[in-house]
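Examination of the molecular architecture
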Amino acid sequence: MMAHEVEGTAPVHGAHEVDYLRAGAGVRSWLLTTDHKRIGLMFYVLVVLMLLLGGAFALVLRTELLTPGPTVISAAIYNRMFTLHGVVMVWLFMIPSIPNIFGNFVLPIMIGAKDLAFPRLNLASLYVYAIGAVVTLAATIAGGADTGWTFYPPYSTTTPAGVLPVVIGIFILGVSSIMTAVNFIATTHTMRARGISWGRVPLFVWAIYSTSIIMLLATPVLGLTILLVGLDHVYHFGVFDPTLGGDPVLFQHLFWFYSHPAVYIMVLPALGVISEVVCTFAQRQPASYWAIALSSFGIALIGFAGWGHHMFVAGMSELDAGIFGAFSMFIAIFSAIKVFTWVATLHRGAIQFNTPMLYFFWFLFLFVFGGMTGVAVATQSLDVHWHDTYFVVAHFHFIMVGGTLTAFLAAAHYWFPKMFGRAYSEPMGLLTSFGVFLGFILTFLPQFLAGNAGMPRRYYSYPAQYQWLNVLSTGGAYLLAGALVLALLNLLIALRWGPRASANPWRSRSYEWMTPPIPPEHNFPVTPVIDRGPYDYHLTEEEAHARVSTAR
């Protein structure tokens, strides 16, 4: 049972309506639905499958690296495997995970809307994502690329591996992201209920809105760039191949112009989840609402100006390196604003140590640790030493995978009662949360040490002196995988046998908790008029509900 499963005493809106899970029966009602909640659930299934797949590839890689020489796979398969792992985790899990699942499910409810602005476009984005996933995976199974997820030329234009089918799959996934971004931006602008001004928009919505702007502006650049690599590989246009007069550094500029902001496509939604969790489980309004909201916007905009710090060793002037380094550190300032505001929110709060809150603490540690190493690699003198070593791998995984994964798990537990009307085992949630954190630290902390000692990334074999660090890292990967599987089983068991949850088990003031335990098909029987903010914890639950009326 949840520690805070409190039966809501305040009335819920739409309690007499059939919930969205039972609003239609049969496979057809799901496959053709335009209900944002059902579409979010279908994304949930696909994205979790991709997480399991990407995790399985990672375990194969870590098993291979247990010994300095060949262990379980050949060098050629190893190259394809780390490419596949990167492609699946970046484009099929981390980018769509929080926006497409939780953004789809809760964003319209959070602003008092009955659905997204373009429901059919939302359904189409699901099928485009599924097609992109099938094309990408089929291409990799049929031979696949061995270039790494960054597709750097000139190798990617000359390798005998099949590059074009993989980049076509990623291009299709980019189309799905753009469709989702358009929907979220239009919904946030046009469908907010009366009373929800910009100053009352939940912080998660601010994060999704900022992410959507990046998706809309940067994804086309990446899509066309990697498509050019694929065409260069097949037809030898010579755009990026220096032997044909092309410029491989041009690819890096175009690729990182997207992929550096893409870091924030993955992390910004996570920051939105964390903002919701910390306010709910501290039972306090944020120390500064506008500091969190506008820093999301600041990260989104400044993120476009930092791509050059990935290219310090590709040849650039000291002035350029200094400018790119300074822009990168600006992002750290915006991130620090969020961290300090979250911590200040905890001050004098009635803190509840539930599973989502535990994931908040793990997120905070990994985000700060990974962020500080990011400041270090944004400095040219340090970056030259660590470039292309395991230090960069560890930094990337701390900030990207650690940040995204812990926030994803926080969201999965936080919104589970609202999505399914059931409560999970809290002791098992806490136990698996500790397992995830310990497994993650054991996996990637040794990689910082290996990289700092000079071990290059993506190498099939390595000197024996690095083996003990790789053994630790592999052990951590298995612990992490085991904890994730148990966390998933805990939620799956709760779906069938978990006790019924109340409408608002966390006593949150955020608007999505005003609906019944499982929201009805159209969220609200009539469009609500909301006369309070989403973090008004100075109001009792009854007072908070009393300030929500129906539109006339």
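Notes on the structure follow.

Procedures and definitions
- Residues numbered from 1 in each chain as written.
- Predicted model: local features only at pLDDT ≥ 70, side-chain atom pairs only at ≥ 80, totals over all residues.
- Heavy atoms only, no water.
- Patch = residues over 30% accessible without salt bridge, like charges linked within 9 Å, V, L, I, M, F, W, Y side chains within 5 Å.
- Areas by Shrake-Rupley, 256 points an atom, 1.4 Å probe, with all protein chains shown as cover.
- Salt bridge = Lys/Arg side-chain N within 4 Å of Asp/Glu carboxyl O.
- Helix = DSSP H or I, 4+ residues; strand = E, 2+ residues; numbered from the N terminus.
- Phe/Tyr/Trp six-rings, centres within 6.5 Å; stacked < 30°, edge-to-face > 60°.
- Buried < 20%, exposed > 50% of the residue type's maximum accessible area, 1.4 Å probe, protein only.
- Axes fitted to C-alpha atoms, helices over the stretch in contact; angles between N-to-C directions.
- Parallel < 35°, antiparallel > 145°, perpendicular 65-115°, else oblique.
- Left-handed = near helix turned anticlockwise from the far one by under 90°.
- Contact = heavy atoms within 4.5 Å.
- Nonpolar A, V, L, I, M, F, W, Y, C, P; charged D, E, K, R; others polar.
- Expected span 1.5 Å × (residues − 1).

Digging into a nonpolar patch on the surface
- Together, Met428, Leu431, Val485, Leu486, Leu489, Leu492, Ile493, Leu495 and Trp497 line one region of the surface with nonpolar side chains, adding up to about 860 Å² of accessible area.
- Looking at the nonpolar patch, the elements with two or more residues in it are helix H15 (426–452) and helix H16 (467–497).
- Looking at the nonpolar patch, the element that brings in the most residues is H16, giving seven residues.
- Tracing the chain through its elements places Leu489 in helix H16.

Points about the packing of aromatic side chains
- According to the stated counting rule, one finds 47 aromatic pairs in the structure shown.
- Seen from their ring centres, Phe240 and Phe251 are 5.5 Å apart, and the 75° between their planes marks the pair as edge-to-face. Placement of Phe240 in the loop between helix H7 (203–235) and helix H8 (248–282) and of Phe251 in helix H8 is noted, with a sequence separation of 11 residues between them.
- According to the relative accessible area criterion, Phe240 is buried, its value standing at 0%.
- Phe251 sits in the buried class, given a relative accessible area of 0%.
- Taking the centre distance of 4.7 Å and the plane angle of 45° together, the rings of Phe440 and Phe444 count as tilted. You can see Phe440 and its partner Phe444 sitting in helix H15, four residues apart, about one turn around the helix.
- Under the relative-accessibility criterion, Phe444 is labelled buried at 8%.

Observations regarding the packing of helix H2 (residues 36–64) against helix H4 (residues 119–141)
- Where H2 meets H4, the axes come as close as 10 Å, and the angle between the chain directions of the two elements is 15°. By the angle between their axes, H2 is roughly parallel relative to H4. Here H2 and H4 pass one another in a crossing that is left-handed. Across the interface between the two elements, His36, Ile39, Met42, Phe43, Leu46, Val47, Met50 and Leu53 of H2 pack against Pro119, Asn122, Leu123, Ser125, Leu126, Tyr129, Ala130 and Leu137 of H4.
- Of the residues that constitute the contact of H2 with H4, the class distribution is 13 nonpolar, three polar and no charged.

Details of the environment of Pro68
- Within the secondary structure layout, Pro68 lies in the loop between H2 and helix H3 (75–110).
- In sequence terms Pro68 and Thr136 are 68 residues apart; their C-alpha atoms lie 31 Å from each other.
- Excluding residues that lie within four positions of it along the chain, Pro68 makes contacts with Tyr460, Ser461, Tyr462, Ala464 and Gln467.

Concerning H4
- A rise of 1.5 Å per residue sets the reference length of H4, with its 23 residues, at 33 Å; its end C-alpha atoms lie 33 Å apart and thus fit the reference within 8%.
- Among the residues of H4, those classed as buried are Asn122, Leu123, Ser125, Leu126, Val128, Tyr129, Gly132, Ala133, Thr136, Leu137, Ala139 and Thr140.
- Taken together, the buried residues of H4 touch helix H1 (27–31), H2, H3 and helix H6 (164–190).
- Count one or two residues on from H4 and you reach Gly143, which has phi positive near 150°.

The values reported here are purely geometric and, on their own, carry no functional implication.
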